[in-house]
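Results of the structural survey
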Protein chains: 2
Amino acid sequence: MVSGALPGFRDFYPAELAERTHIFATWREVAHRFGFVEYDGPPLEPLELYTKKSGDEIVGQLYNFVDKGDRAIALRPEMTPTLARMVAARANALRKPVRWFSIPQLFRYERAQRGRLREHFQLNMDIVGESDVTADAELLAAAIEIMRLLGLGPDDVRARVSDRRILHGYLLAAGVPDAAFGGVLAVVDKIDRQPRDVSEEKLAALGLGASAVRAVMDVPEQTSLASIQALNVQGGEAAVAEFSRFAEYVEALGGGEYLQPDLSIVRGLAYYTGIVFELFDAKGELRAICGGGRYDNLLKQSGGPDLPALGFGMGDVVLGELLRARTLMPAPAAGLDVWVAFGESAGVSDAMRVSSRLRARGLSVEYALGGQQLSRQLKAAAAAGAREAVILGAPDVAPDEATVRRLDDGHERRVRLDEWIDEAGPAASARSPTHS
Amino acid sequence: MVSGALPGFRDFYPAELAERTHIFATWREVAHRFGFVEYDGPPLEPLELYTKKSGDEIVGQLYNFVDKGDRAIALRPEMTPTLARMVAARANALRKPVRWFSIPQLFRYERAQRGRLREHFQLNMDIVGESDVTADAELLAAAIEIMRLLGLGPDDVRARVSDRRILHGYLLAAGVPDAAFGGVLAVVDKIDRQPRDVSEEKLAALGLGASAVRAVMDVPEQTSLASIQALNVQGGEAAVAEFSRFAEYVEALGGGEYLQPDLSIVRGLAYYTGIVFELFDAKGELRAICGGGRYDNLLKQSGGPDLPALGFGMGDVVLGELLRARTLMPAPAAGLDVWVAFGESAGVSDAMRVSSRLRARGLSVEYALGGQQLSRQLKAAAAAGAREAVILGAPDVAPDEATVRRLDDGHERRVRLDEWIDEAGPAASARSPTHS
């Protein structure tokens, strides 16, 4: 007997699966409200789909192997290359802008770290074919709406937003040479997490003068629209104007309270071309909930169509941690509407017939599969979390009648069985109001 | 650019994904009605999880490899070993009978055949911990209820049912030696698909005498409860009585019209211990839609708990083929409730504010992300399949009013914007009535 799942992989028992379903249903509901349609690709793809985009060094982090047909393949570590491949194949036929979402399971073979998972599910929402900044606002507003629908307010989650082009203009104006750019961004990325003098030494080592070092060290201070608008940004003026429009639009879309301009947000260098954003828990205790931005060159670089694009990924793991920490993860719905029990003058076939009629009305119904005493059946009904039990064939009950017992308070009433069945409906609470 | 998915793998564009969602939603709805709860396991498992159950010969059909931690692993080809592993780990704590379902994607590396897929999704429904035949009836009734909810009637789908123990008793009574059993079942499995004389020759080669050969050739004639009840079944009398009860229960559960006793149904030899069943399209043009039965020894053989169990697998591929052939696959719902358009005296920010309010009411809403003429916006609304367009800031419309246009017939009406928003609700048709 194999005793457990592979290291880094999760078993989803019903309680955990219900939590996953809560997150997925919310993702689908918000995607639906924003007019996004769902797609999916294969969990296995040709290895070169990833090496073409990310270089051979990515192979060290992949579940990759050679299949029995001598193909180099990999379990998908991210969804964007699949999206690029699928959009490219039908680029002309698709209505623009494309609003697509997917909830792939993604895989990374990372060196074993305690508690670190090797798989997660990730909502991917992407807009392809729209260069205007309205699309950037629309996309972030969708990510924020997910937070709101999950019960996470602006005190729980912040949407930190930057623009690659503004940062570039600011660093240029501060005298940072283009060649030092990559190195400087790596320092900015860690600037909050390492001692100030370590950052300053690294910047000096990159050839920056004292005033340029000061300018870089000031990047994390740029956390308001006003301060960003006041910056000297060589060649980045249009980007600042666009960023201001972006903030106005996010406000119009209802996400303003969550918005936190922050020029120090650094994401994949070779990847993003404009506005980038991350959603974080406001206490800063967890890793990012969500990250994304505009990647206008990526589809073309991948050999696909030359279409502007933007998107984000939001994983289920950090989001689940935050929901549990804020006690916002709902308890799994008991689900069962009715338990059909049978006493002396009825049999399991009677219970089956009643169950079948109730189920045809959309109710969730169980009955005792093996023969059991009525008292044991009612115990089983309670253990199953049923809302009600209907008791057939109890003593002193007419053949066309039954007893209905509410299982929370034990209240019983006599009903005409046919009438009661015809009026039975599923508990409102057992139905999630989500689009699936 | 990698031009397509790997051979045998599917891309799910939105139209195909909507079909998959229709099938999944129906699976989940019926599982819910029957009191089954969802679980999931990892798509990667230790290779030995499969070789322990099926022997080393299964490796030739698997996507298996050695990971970077030197573990022999495989992409799951079936769900039952994962189920056994998960139930075993919590066998004492779980309420019995366990009613669990899952919708895993499964993988098989089969020799390339035209059009043959290497992945599919498969509903798995299992009951663990109940030996009574009521459980067998309950399980088959659930499979049948899925057919019914998808629109497939008894003229479309037949549930062919047999019992391993009855067939055994019948063959024993006919003088088939125990040693020839496996070979005889292999012949029975193909008896409808190969010439009569080929079957007869194979049976003779297995050492069967003329009367035993005749008895085996008669197996496919046993297609009614009455004929099975009339058989001489050495040691199988209790199984026949149970089979009769089973048929009565399936009838009570509403599945009687679909039921087709058929002693020639042969499924995995080492696996099933009692009643076995398969769902087939009534025309016999497709492969099986569903197969399952009772496997009382499997959990224990896998090193797990000694619990009786039964289950079935139902794939998405053949089912999808049948639904399309019967034109029962619904067209993807347009989904979009409202397109928010804006004329001369309104801007995209106004459209965003209205969109945000409509979305908060659960509606699916789009607007033109880039600036566009009103006429182009309305064309886009129609192309998007929106139900209605609300037009803000058109000439001669008061600031607190708007024009609402039905997009199917072009009917327009003037509305007070705030009132209209407060009363807006999602289209009933855009909501699937399913539990998710």
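Structure's up top.
Here we summarise the structure given alongside this text. Counting starts from 1 at the beginning of each chain's written sequence and moves along it residue by residue. As a convention, the first chain written is A and the first ligand written is 1, with the rest following in written order. Only residues with pLDDT of at least 70 are given local features in this predicted model, and only at 80 or more are side-chain atom pairs given and counted; all residues enter the totals for whole chains, interfaces and linings. Side-chain calculation: all heavy atoms of the structure are included, whereas hydrogens and water are not.

Moving on, we come to the sheet that holds strand β3 (residues 64-66) of chain A. Sheet strands associate in pairs through backbone hydrogen bonding, adopting either a parallel or an antiparallel arrangement. All names here are of chain A. Read from one edge to the other, the open sheet built from 3 strands follows the order β2-β4-β3, with strand pairing classed as antiparallel. Strand pairing shows two members of the sheet lacking a second neighbour, β2 (44-46) and β3, which therefore form its edges. Across the sheet, the axes of successive neighbouring strands diverge by a mean angle of 35 degrees, strand direction being ignored. For two strands to count as paired, DSSP must find a minimum of two bridges between them. Where helices and strands are cited, they refer to DSSP runs of H or I of at least four residues and of E of at least two residues respectively, numbered from the N terminus. With axes taken as lines fitted to C-alpha atoms, and helix axes fitted only over the stretch in contact, angles between N-to-C directions fall between 0 and 180 degrees.

Let's shift gears to the interface of chain B and chain A. By definition in these notes, contact holds between two residues if any of their heavy atoms fall within 4.5 Å. On the side of chain A, 108 residues touch chain B, which itself brings 107 residues to the contact. Defined here as a combined quantity, buried area equals the accessible surface (1.4 Å probe) lost by two parts on assembly, summed across both. Summing both partners gives a buried area of about 8,700 Å² for chain B against chain A, and 58% of it is carried by carbon and sulfur. Whenever Lys or Arg places a side-chain nitrogen within 4 Å of a carboxyl oxygen from Asp or Glu, that contact is recorded as a salt bridge. The interface formed by chain B and chain A contains 10 salt bridges. The partner of arginine 95 of chain A in a salt bridge is glutamate 366 of chain B, with the nearest N and O atoms 3.1 Å apart. Counting of polar contacts relies on pairs of N or O atoms within 3.5 Å, with two restrictions inside protein: one atom must be capable of donating a hydrogen and the other of accepting it, and residues adjacent in sequence are counted only when both atoms are side-chain atoms. The tally of links from chain B across to chain A stands at 38 residue pairs in polar contact (both at pLDDT 80 or more).

Turning our attention to unusual backbone geometry. The general pattern is negative phi for most residues beyond glycine and trans for most peptide bonds. That bond from lysine 96 of chain A to proline 97 of chain A is cis: its omega, -10 degrees, falls within 30 degrees of zero. For proline 97 of chain A, the location among the structural elements is in the loop between α3 (80-89) and β5 (98-102). One non-glycine residue, aspartate 70 of chain B, lies in positive phi territory at about 65 degrees. Secondary-structure assignment places aspartate 70 of chain B in the loop between β3 (64-66) and β4 (72-75). Categorising residues by exposure relies on relative accessible area from a 1.4 Å probe, with only protein chains included: less than 20% of the type maximum marks a residue as buried, more than 50% marks it as exposed, and the intermediate range marks it as partly exposed. Judged by relative accessible area, aspartate 70 of chain B falls into the exposed class, the value being 68%. The phi dihedral of threonine 327 of chain B is positive, around 45 degrees, even though this residue is not glycine. Take threonine 327 of chain B: it is sitting in the loop between α12 (316-325) and β13 (338-342).

Among all positions in helix α8 (residues 210-217) of chain B, only Ala212, Val213, Ala215, Val216 and Met217 of chain B are buried. Looking at the buried positions of α8 of chain B, the neighbouring elements they touch are α5 (164-173), α6 (181-190) and α7 (196-205) of chain B.

We now examine the pattern of salt bridges. A complete count under the given rule lists 70 salt bridges over all chains for this structure. One salt bridge connects glutamate 119 of chain A with arginine 10 of chain A, and the closest N-O pair in it is separated by 2.9 Å. Linking glutamate 119 of chain A in strand β7 (residues 119-128) with arginine 10 of chain A in the segment before α1 (14-33), this pair joins segments that are 109 residues apart in sequence. The pair formed by glutamate 119 of chain A and arginine 10 of chain A is uniform in burial state, with each residue classed as buried. Residue arginine 148 of chain A is joined to glutamate 145 of chain A by a salt bridge in which the shortest nitrogen-to-oxygen separation is 3.3 Å. Of this pair, arginine 148 of chain A and glutamate 145 of chain A both sit in helix α4 (residues 133-149), 3 residues apart, which is roughly one turn of the helix. Relative accessible area serves as the criterion here: at 33%, arginine 148 of chain A is assigned to the partly exposed category. Each of Arg95, Arg99 and Glu138 of chain A together with Arg359 and Glu366 of chain B takes part in salt bridges that share partners, so that together they form one network.

Now for the sheet that holds β3 of chain B. Residue and element names in this part refer to chain B. In spatial order, the strands read β2-β4-β3; together these 3 strands make up an open sheet with antiparallel pairing. Each having just a single partner strand, β2 (44-46) and β3 make up the two edges of the open sheet. Across this sheet, the average inter-strand angle for adjacent strands is 35 degrees, counted without regard to direction. Strand direction decides the pairing type here: β2 and β4, joined by 3 bridges, are antiparallel.

Attention shifts here to the pairing of strand β16 (residues 401-406) of chain A. Residues and elements named next belong to chain A. Note that strand β15 (residues 388-392) and β16 share 4 bridges and pair antiparallel. The residue of β16 that forms the bridge with glutamate 388 is arginine 406. Bridge analysis of β16 against strand β17 (residues 412-416) gives 5 bridges, and the strand direction is antiparallel. By the bridge assignment for β17, alanine 402 is matched with valine 415.

Turning next to the relation of the copies chain B and chain A. Overlaid copies result from least-squares superposition on C-alpha atoms, with residues included only where pLDDT is at least 70 in both. Note on the identical chains: chain B maps onto chain A by a rotation of 180 degrees and an axial translation of 0.0 Å, with an RMSD of 0.0 Å. The superposition of one copy onto the other is thereby described by a two-fold rotation axis. Taken together, the interface assignments show that 100% of the residues at the interface of chain B recur at the interface of chain A, consistent with an identical surface on both copies.

This part is about the packing of aromatic side chains. Any pair of Phe, Tyr and Trp rings, taking the six-membered ring for Trp, is counted once the centres come within 6.5 Å. Such a pair is stacked with planes under 30 degrees apart, edge-to-face with planes over 60 apart, and tilted for the rest. Per the counting criterion, the structure on display carries 25 aromatic pairs over all chains. Between phenylalanine 9 of chain A and tyrosine 63 of chain A the ring centres are 5.9 Å apart and the planes differ by 65 degrees, which places this aromatic pair in the edge-to-face class. Taken together, the residues span a long stretch of sequence, with phenylalanine 9 of chain A in the segment before α1 and tyrosine 63 of chain A in the loop between α2 (48-54) and β3 at a distance of 54 residues. Here phenylalanine 9 of chain A matches tyrosine 63 of chain A in class, with each residue buried. Taken together, Phe9, Tyr63, Phe107 and Tyr109 of chain A form an aromatic cluster joined through their ring pairs. Whether a charge sits over a ring comes down to the Lys NZ or Arg CZ being within 6 Å of the ring centre and within 35 degrees of the ring normal. If you follow arginine 20 of chain B out to its NZ or CZ, it ends over the ring of phenylalanine 12 of chain B, 4.6 Å from the centre.

Further remarks concern helix α10 (residues 237-252) of chain B. Its 16 residues place the ends of α10 of chain B 23 Å apart at the C-alpha level, agreeing with the 22 Å of an ideal helix rising 1.5 Å per residue. If you check which residues of α10 of chain B are buried, you get Ala239, Val240, Phe243, Ser244, Phe246, Ala247, Tyr249, Val250 and Ala252 of chain B. For a helix, the expected span equals 1.5 Å multiplied by the number of residues minus one.

Before going further, it helps to spend a moment on the pairing of β5 of chain A. Residue and element names in this part refer to chain A. Buried residues dominate β5, accounting for 5 of its 5 residues. On β5, burial covers both faces: Val98, Trp100 and Ser102 on one face and Arg99 and Phe101 on the other are all buried. As paired elements, strand β1 (residues 37-38) and β5 share 2 bridges and run parallel to each other. Paired with valine 37 across the two strands is tryptophan 100, which belongs to β5. Note: β5 against β7, 5 bridges, orientation antiparallel. Its bridge partner being in β7, phenylalanine 101 is matched across the sheet by methionine 125.

The description of two packed helices rests on the angle between their axes and on the distance between the axes. Residue and element names in this part refer to chain A. As a packed pair, helix α7 (residues 196-205) and helix α8 (residues 210-217) sit with axes 10 Å apart at the nearest point and diverge in direction by 135 degrees. Looking at the two axes, α7 sits oblique to α8. Judged by the sense of rotation from one axis to the other, the crossing of α7 with α8 is right-handed. Across the interface between the two elements, Arg196, Ser199, Glu200, Leu203 and Ala204 from α7 touch Val213, Val216 and Met217 from α8. Any angle that falls under 35 degrees is termed roughly parallel, while one over 145 is termed roughly antiparallel, one within 65 to 115 roughly perpendicular, and all others oblique. In a left-handed crossing the near helix is turned counterclockwise from the far helix by less than a right angle, and in a right-handed crossing that turn is clockwise.

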